[in-house]
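Structural description and commentary
This is what each chain is made of:
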Amino acid sequence: GYLIDGWTFLGSVGPVVSNPSSTVRGRTLDHEGGVWESGNYINGLNLQVGVNRRFYVVDWAFVTADFRLSAAWAEMDIAGGTADTPNYAAHLLFGVGWGGRRSGPSSP
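Residues numbered from 1 in each chain as written. Predicted model: local features only at pLDDT ≥ 70, side-chain atom pairs only at ≥ 80, totals over all residues. Heavy atoms only, no water.

With that out of the way, let us pick up the overall build of the protein. A tally of helices and strands in the protein yields 0 helices and 8 strands. If you list the helices and strands of the protein from N to C, you get β-β-β-β-β-β-β-β. Taking 13 Å as the expected radius of gyration for a compact globule of 108 residues, we find that the protein reaches 20 Å, considerably beyond that expectation. Of all 108 residues assigned to the protein, the portion counted as buried reaches 26%. For the protein, the separation between the mean place of its 7 positive charges and that of its 9 negative charges on side chains is 13 Å. (Helix = DSSP H or I, 4+ residues; strand = E, 2+ residues; numbered from the N terminus. Rg over C-alpha atoms; globule rule 2.2 N^0.38 Å. Buried < 20%, exposed > 50% of the residue type's maximum accessible area, 1.4 Å probe, protein only. Lys, Arg positive; Asp, Glu negative; His and termini not counted. Charge placed at Lys NZ, Arg CZ, Asp CG, Glu CD.)

Attention now goes to the confidence of the model for the protein. Mean pLDDT for the protein: 87, with 94% of residues reaching 70 or above. Here strand β4 (residues 27-29) stands out as the element of the protein with the lowest mean pLDDT, 80, in contrast to strand β8 (residues 87-98), whose mean of 96 is the highest. (pLDDT = per-residue confidence, 0-100.)

What follows concerns the environment of isoleucine 78. Following the sequence through the fold, isoleucine 78 ends up in strand β6 (residues 61-78). On the accessibility criterion, isoleucine 78 (22% relative accessible area) is partly exposed. For the pair isoleucine 78 and serine 21, spaced 57 residues apart in sequence, the C-alpha to C-alpha distance is 6.8 Å. Not counting the four nearest positions on each side in its chain, isoleucine 78 is found in contact with Pro20, Ser22, Val24, Leu29 and Ala83. (Contact = heavy atoms within 4.5 Å.)

What follows is about a nonpolar patch on the surface. On the surface, Phe55, Val57, Val58, Trp60, Val63, Val96 and Trp98 cluster together into a nonpolar patch covering about 820 Å² of accessible area. Only β5 (41-58) and β8 provide two or more residues apiece to the nonpolar patch. When residues of the nonpolar patch are assigned to their parent elements, the largest contribution, 3 residues, is made by β5. Secondary-structure assignment places tryptophan 98 in strand β8. (Patch = residues over 30% accessible without salt bridge, like charges linked within 9 Å, V, L, I, M, F, W, Y side chains within 5 Å. Areas by Shrake-Rupley, 256 points an atom, 1.4 Å probe, with all protein chains shown as cover. Salt bridge = Lys/Arg side-chain N within 4 Å of Asp/Glu carboxyl O.)

In this structure, aspartate 66 sits in strand β6. Polar contacts involving the side chain of aspartate 66 include one to the side chain of arginine 68, which spans 2.5 Å. (Polar contact = N/O pair within 3.5 Å; in protein donor to acceptor, adjacent residues only side chain to side chain.)

Further remarks concern the side chain of serine 22. Structurally, serine 22 can be placed in strand β3 (residues 22-24). Overall, the relative accessible area of 14% leaves serine 22 in the buried class. A distance of 2.9 Å separates a polar side-chain atom of serine 22 from the backbone nitrogen of alanine 79. If we skip the residues at most four places from it in the chain, serine 22 touches Arg27, Thr28, Leu29, Ile78 and Ala79.

What follows is the structure, encoded as structure tokens:
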């Protein structure tokens, strides 16, 4: 991430991992194999961007808030064909933590 005036801006790209075992109109497809023979497959892509801010309660403890947007897409085999599985989401995360203030030229 990038720290600018106490705000952290972040972005990430990663795989979509799925277990596409399915039953469609009475037809069943059990998946075997995949990653480490687990039945799970890497068959898509996820993109995420976000912003985070820490708010110090005292010098060694803070609360934190994240806002993130994600978009994911995968195409997988299912019983009787394939399925496109888009997913778009907004995430609002809160947390607590401890540790000294971040160092660097942009830190408050």
